[in-house]
Amino acid sequence: MNHLKHLRIAICNDHAGYDLKNQIIEYLEGKGAEKIKDFGAYSTESCDYPDFAHPMASAVKKGEFDYGISICGTGNGISMVLNKHLGIRAALCWKPEIAALARQHNDANVLSMPARFITESEALDIVDTFFATEFEGGRHQTRIDKI
Ligand code: RB5
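Right, let's walk through the structure included here. (Residues numbered from 1 in each chain as written. Predicted model: local features only at pLDDT ≥ 70, side-chain atom pairs only at ≥ 80, totals over all residues. Heavy atoms only, no water.)

**Thoughts on the environment of Lys 37**
Reasoning step 1: Within the secondary structure, Lys 37 sits in strand β2 (residues 35-38).
Reasoning step 2: Under the relative-accessibility criterion, Lys 37 is labelled partly exposed at 41%.
Reasoning step 3: With 26 residues separating them along the chain, Lys 37 and Ile 11 place their C-alpha atoms 6.2 Å apart.
Reasoning step 4: If sequence neighbours within four positions are ignored, Lys 37 has contacts with Ile 9, Ala 10, Ile 11 and Phe 65. (Helix = DSSP H or I, 4+ residues; strand = E, 2+ residues; numbered from the N terminus. Buried < 20%, exposed > 50% of the residue type's maximum accessible area, 1.4 Å probe, protein only. Contact = heavy atoms within 4.5 Å.)

**A word on the nonpolar core**
Across soluble globular proteins, you tend to see nonpolar side chains buried next to one another.
Reasoning step 1: Among the nonpolar cores identified, the biggest contains 28 residues, and Ile 24, Leu 28, Ile 69, Leu 111, Met 113, Phe 130 and Phe 131 are the most heavily contacted of them.
Reasoning step 2: Elements that contribute at least two residues to this core include exactly β1 (8-13), α1 (18-30), β3 (67-72), α4 (96-104), β5 (110-114) and α5 (120-132).
Reasoning step 3: Top contributing element to this core by residue count: α5, with 6 residues.
Reasoning step 4: Once you skip the residues sitting within four places of it in the chain, Ile 24 turns out to touch Ile 11, Ile 69, Ile 71, Met 113, Leu 124 and Val 127.
Reasoning step 5: Phe 39, Leu 82, Ile 88 and Val 110 belong to the second-largest nonpolar core, a separate cluster that totals 19 residues. (Core = buried A, V, L, I, M, F, W, Y, C linked by side-chain atoms within 4.5 Å.)

**Overview of the packing of α1 against α5**
Relative placement of two packed helices is described by the angle separating their axes and the distance separating the axes.
Reasoning step 1: As a packed pair, α1 and α5 sit with axes 10 Å apart at the nearest point and diverge in direction by 50 degrees. Of the possible angle classes, the one that applies to α1 and α5 is oblique. Considering the relative orientation of α1 and α5, their crossing is right-handed. Taken together, the residues of α5 that come into contact with α1 (itself represented by Leu 20, Gln 23, Ile 24, Tyr 27 and Leu 28) are Glu 120, Ala 123, Leu 124, Val 127 and Asp 128.
Reasoning step 2: Here the contact of α1 with α5 is built from residues that sort into 7 nonpolar, 1 polar and 2 charged. (Axes fitted to C-alpha atoms, helices over the stretch in contact; angles between N-to-C directions. Parallel < 35°, antiparallel > 145°, perpendicular 65-115°, else oblique. Left-handed = near helix turned anticlockwise from the far one by under 90°. Nonpolar A, V, L, I, M, F, W, Y, C, P; charged D, E, K, R; others polar.)

**As for the sheet that holds β1**
Pairing between sheet strands relies on hydrogen bonds along the backbone, with the strands arranged either parallel or antiparallel.
Reasoning step 1: Strand order in the open sheet formed by 5 strands is β2-β1-β3-β5-β4, and the pairing between neighbours is parallel. Of all the strands in the sheet, just β2 and β4 (90-92) have a single pairing partner and so form its edges. Between one strand axis and the next, the sheet turns by 20 degrees as a mean value, whatever way the strands run.
Reasoning step 2: Where β4 lies against β5, 3 bridges are found, and the strand directions are parallel. Following the sheet pairing, Ala 90 is matched in β5 by Val 110.
Reasoning step 3: Packing against the sheet, α1 makes contact with β1, β2, β3 and β5, and its axis sits at approximately 165 degrees to β1.
Reasoning step 4: Those strands touched by α5 are β1, β3 and β5, and its axis lies near 165 degrees from that of β5. (Pairing = 2+ DSSP bridges.)

**Examining the pattern of salt bridges**
Reasoning step 1: Evaluated as defined, the whole model comprises 5 salt bridges.
Reasoning step 2: Linking Asp 107 and Arg 89 is a salt bridge whose minimum nitrogen-to-oxygen distance equals 3.4 Å. Of the two residues, Asp 107 is situated in the loop between α4 and β5 and Arg 89 in the loop between α3 (76-82) and β4; the sequence distance between them amounts to 18 residues.
Reasoning step 3: For Arg 89, a relative accessible area of 22% corresponds to the partly exposed category.
Reasoning step 4: Each member of the salt-bridge network shares a partner with another, and the members are Arg 89, Arg 103 and Asp 107. (Salt bridge = Lys/Arg side-chain N within 4 Å of Asp/Glu carboxyl O.)

Written out as structure tokens, the structure reads:
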């Protein structure tokens, strides 16, 4: 089953995440994602990840997108920015198992990845797993409500 087909996905990155971002957009387009918006950065020139992460977080919060994807060198800086926004749950994922748990337990609505520490093929596996996995609710919802 193609879990990506009807999704509206926002994506942001800094210079370190630029190449991987393009590869992921190409992959999502190939899978027929309904809407993809690239919030930048648009080159490998050094830049500041908050400039792209804050606008994307606002758009996801407003419900303009189902999910976000964020990419910087480590995935940490960009996640820190996103998680300042109430209602955004950005999870740093560097392997598919963590991506699955980020959905099952944390109902993550942004998938963050560390471009400098994973290959393109690993990133695409993580993307597939994240979007194919449902939130389990129950005790995990109680915990999320307490965030
Ligand atoms: C950029 O050099 C790097 O600091 C950034 O991509 C990210 O890893 C920050 O958390």
